[in-house]
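One letter stands for each residue in the lines below.
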Amino acid sequence: MRDLPKVELHLHIEGAAPPAFIRDLAARKGVDLRGIFTADGRYRFRDFWQFLEVYEAATSVLKTPEDYHALTRAVLAESASHGVVYTEAFLSPDFCGGGDVGAWTEYLAAIREAADEAERRDGIVMRGIVTAVRHFGPDQARRTALCAAETAGDWLVGYGIGGDEKKGHLGDFRWSFDLAREAGLRITAHAGEWGGPESVREALDDIGVERIGHGVRAAEDPALVERLAAEGVVLEVCPGSNIALGLYPDWSLHPIRALREAGVKVTISTDDPPFFGTDMTREYERLAAAFGWTEADFMDLARTAAEAAFCTPETRKAVLDRLERQ
Ligand code: HPA
Ligand code: ZN
């Protein structure tokens, strides 16, 4: 499983920070972060909302472009070790310079430099998606959209939104999504994780997303499942994240199989792997155990993800060729 070539579309860069990386940075900067770790050094949280608090506390020690360079380097080395050949990561101007375009540009340059180094070293290809943080509100999201529009191109390829899905409506953020789309960015949004099927409809109707982050709760509404399949909407499914956060009690009860069998384009990602005690190899192993999926199924899922990647056609072809060589 570890060696199968993988394509990941949904990874929050700060959420991929190993706890030891954050602890070391906190110690060097004299920040007391003991409260967010368990005695054995894992991130400590009870539920999704506390997870967001711990996430933001951990992220508070990432203060410079150099910190993000080191983070990106560590994250891509880990992903490559699990066979990931292409990854799209969510990047937040909110955390990288507070929404200031000039500062964001410097953070982005540092992240790209680390990505270029990782591609030369391990062959892993990374592209970025700017993400707004929903609970920071529509005004702050506008700043992130301006940052995204300013740096849109072959590397910074998408715009999305994460954070607390229960706050406000996606339609409140339409200005930001419209600006991003006009700048040539491709659109995804977190929905159908903590919001029900209606939140997935909002993402489709109010924002016009091409992909949905999670989207799994669409499974509760057969008409919506049919629509997702008919329209070819791609779900960035993160099963281990859903199970760690208690959305489903067990892998065998996760709706990814039902969605796939209904013809919905599903893909597999880790979301915030060290927070949820997962990695791409473990996702594959658990799905194989729960649903009997084989190497052929996983290669099919990886091709679906490559087809849904927001990169240029040339990069997509290189990724698909890499999968074919398996
Ligand atoms: N879900 C929603 N928002 C987030 C996440 C997540 O897993 N990680 C960071 N922001
Ligand atoms: Zn996410």
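These figures come from a predicted structure and were not determined experimentally.

Visitor: Describe in detail the overall build of the chain, supporting the description with residues and values.
Guide: Looking only at helices and strands, one finds 13 helices and 8 strands in the chain. Taking 2.2 N^0.38 as the reference for a compact globule, 326 residues should give roughly 20 Å; the C-alpha atoms of the chain span a radius of gyration of 18 Å, in line with that estimate. Referenced to the eigenvectors of the C-alpha coordinate spread, the extents of the chain come out at roughly 50 × 40 × 40 Å. Counting the 326 residues in the chain, one finds 58% classified as buried. Here the chain has roughly 12,900 Å² of accessible surface; of this, 47% comes from carbon and sulfur atoms. Where the 37 positive side-chain charges of the chain centre and where its 54 negative ones centre are 2 Å apart.

Visitor: Please set out the domain arrangement of the chain residue by residue, giving values where relevant.
Guide: By the assigned domains, the chain splits into domain 1 (6-17 + 72-324) and domain 2 (18-61). Using C-alpha coordinates to define each centre, domain 1 is positioned 23 Å away from domain 2. In this assembly, 20 residues from domain 1 lie in contact with 15 residues from domain 2. Summed over both partners, the interface of domain 1 with domain 2 buries about 1,500 Å², with 77% contributed by carbon and sulfur atoms.

Visitor: Quick one: what's the story with the environment of Asp3, residue by residue and with numbers?
Guide: Along the chain, Asp3 falls in the segment before strand 1 (6-12). Judged by relative accessible area, which is 68%, Asp3 ranks as exposed. For the pair Asp3 and Gly83, spaced 80 residues apart in sequence, the C-alpha to C-alpha distance is 5.2 Å.

Visitor: So what's going on with the sheet that holds strand 5 (residues 186-191)? Residues and values would help.
Guide: Within the open sheet, the 8 strands sit side by side as 1-2-3-4-5-6-7-8. Their pairing is parallel. Of all strands in the sheet, those bounded by a partner on one side alone are strand 1 and strand 8 (265-268). For this sheet, the mean inter-axis angle between neighbouring strands, taken without regard to orientation, is 25°. Note: strand 7 (residues 234-237) against strand 8, 4 bridges, orientation parallel. Residue pairing in the sheet places Glu236 in a bridge with Thr267 of strand 8. Lying over the sheet, helix 5 (residues 138-151) contacts strand 3 (125-133) and strand 4 (156-162), oriented at roughly 170° with respect to strand 4.

Visitor: For helix 2 (residues 48-59), give the residues involved together with the corresponding values.
Guide: When the terminal C-alpha atoms of helix 2 are compared, their 16 Å separation across 12 residues agrees well with the 16 Å that a helix rising 1.5 Å per residue should span. Tucked inside the fold, the buried residues of helix 2 contact strand 1, helix 1 (19-29) and helix 3 (65-81). The backbone nitrogen of Trp49 lies 3.2 Å from a side-chain oxygen of the residue at the head of helix 2, namely Asp47.

Visitor: Residues and numbers for the pattern of salt bridges, please.
Guide: This structure, assessed with the given rule, holds 18 salt bridges. Here Asp178 and Arg181 are joined by a salt bridge, their closest N and O atoms 3.2 Å apart. Taken as a pair, Asp178 and Arg181 lie in helix 6 (residues 174-182) at a separation of 3 residues, close to a single helical turn. The residue Arg260 makes a salt bridge to Asp300 at a minimum N-O spacing of 3.0 Å. Taken together, the residues span a long stretch of sequence, with Arg260 in helix 10 (residues 256-261) and Asp300 in helix 12 (residues 295-308) at a distance of 40 residues. Take Asp300: its relative accessible area is 32%, and that puts it in the partly exposed class. Taken together, the salt bridges that share partners define one network made up of Glu88, Arg211 and Glu236.

Visitor: How would you summarise the coordination of the zinc ion (ligand 2) if you had to cite specific residues and measurements?
Guide: The reference angle at a metal is 109.5 degrees if four donors form a tetrahedron and 90 or 180 degrees if six donors form an octahedron. Protein coordination at the zinc ion (ligand 2) comes from His10 (NE2), His12 (NE2), His190 (NE2) and Asp271 (OD), with a distance range of 2.1 to 2.2 Å. Coordination at the zinc ion (ligand 2) is irregular: its 4 donor atoms span angles of 84 to 170° at the metal. Donor residues for the zinc ion (ligand 2) sit on one chain with the sequence pattern H-x1-H-x177-H-x80-D. Within this pair, whereas His12 is found in strand 1, its partner His190 is found in strand 5, the two being separated by 178 residues in sequence. Since its relative accessible area comes to 10%, His12 is described here as buried.

Visitor: Account for the pairing of strand 6 (residues 211-214), with residues named and values stated.
Guide: Where strand 5 meets strand 6, 4 bridges bridge the pair, whose relative direction is parallel. When the sheet's bridge partners are listed, Thr188 is paired in strand 6 with Arg211. The handedness of the strand 6 to strand 7 crossover, carried by helix 8 (residues 222-231), is right-handed.

Visitor: Which residues make up the packing of helix 1 against helix 3, and what are the values?
Guide: The contact between helix 1 and helix 3 brings their axes to 12 Å, and the two run at 160°. The orientation of helix 1 relative to helix 3 falls into the category roughly antiparallel. In the packing of helix 1 onto helix 3, the handedness of the crossing is right-handed. Side by side, helix 1 and helix 3 meet where Phe21, Leu25 and Lys29 of the first sit next to Asp67, Ala70, Leu71 and Ala74 of the second. Here the contact of helix 1 with helix 3 is composed, by residue class, of 5 nonpolar, no polar and 2 charged.

Visitor: Tell me what's going on with the site of ligand 1, and back it up with residues and numbers.
Guide: With respect to spatial proximity, the complete set of residues near ligand 1 consists of His12, Phe48, Phe51, Tyr55, Gly162, Gly163, His190, Asp271 and Asp272. A distance of 2.8 Å is found between a nitrogen atom of ligand 1 and a backbone nitrogen or oxygen belonging to Gly163. Here an oxygen atom of ligand 1 sits 2.7 Å away from a polar atom, N or O, in the side chain of Asp272. Burial of ligand 1 by the protein chains amounts to 94% of its free accessible area of 260 Å². Here the element with the most residues in the shell around ligand 1 is helix 2; it accounts for 3 residues. Residue composition of the shell around ligand 1, grouped by class: 3 nonpolar, 4 polar and 2 charged.

About the cut-offs
- Residues numbered from 1 in each chain as written.
- Chains lettered and ligands numbered in written order.
- Predicted model: local features only at pLDDT ≥ 70, side-chain atom pairs only at ≥ 80, totals over all residues.
- Heavy atoms only, no water.
- Helix = DSSP H or I, 4+ residues; strand = E, 2+ residues; numbered from the N terminus.
- Rg over C-alpha atoms; globule rule 2.2 N^0.38 Å.
- Buried < 20%, exposed > 50% of the residue type's maximum accessible area, 1.4 Å probe, protein only.
- Areas by Shrake-Rupley, 256 points an atom, 1.4 Å probe, with all protein chains shown as cover.
- Lys, Arg positive; Asp, Glu negative; His and termini not counted.
- Charge placed at Lys NZ, Arg CZ, Asp CG, Glu CD.
- Domains from an automatic or database assignment.
- Contact = heavy atoms within 4.5 Å.
- Buried area = accessible area lost by both parts, 1.4 Å probe.
- Pairing = 2+ DSSP bridges.
- Axes fitted to C-alpha atoms, helices over the stretch in contact; angles between N-to-C directions.
- Expected span 1.5 Å × (residues − 1).
- Polar contact = N/O pair within 3.5 Å; in protein donor to acceptor, adjacent residues only side chain to side chain.
- Salt bridge = Lys/Arg side-chain N within 4 Å of Asp/Glu carboxyl O.
- Donors = N, O, S within 2.8 Å, 3.2 Å for Na, K, Ca; no water.
- Tetrahedral: all angles 85-135°; square planar, octahedral: opposite > 155°, others 65-115°.
- Right-handed = clockwise from strand over helix to strand, strands pointing away.
- Parallel < 35°, antiparallel > 145°, perpendicular 65-115°, else oblique.
- Left-handed = near helix turned anticlockwise from the far one by under 90°.
- Nonpolar A, V, L, I, M, F, W, Y, C, P; charged D, E, K, R; others polar.
- Near = heavy atom within 4 Å.

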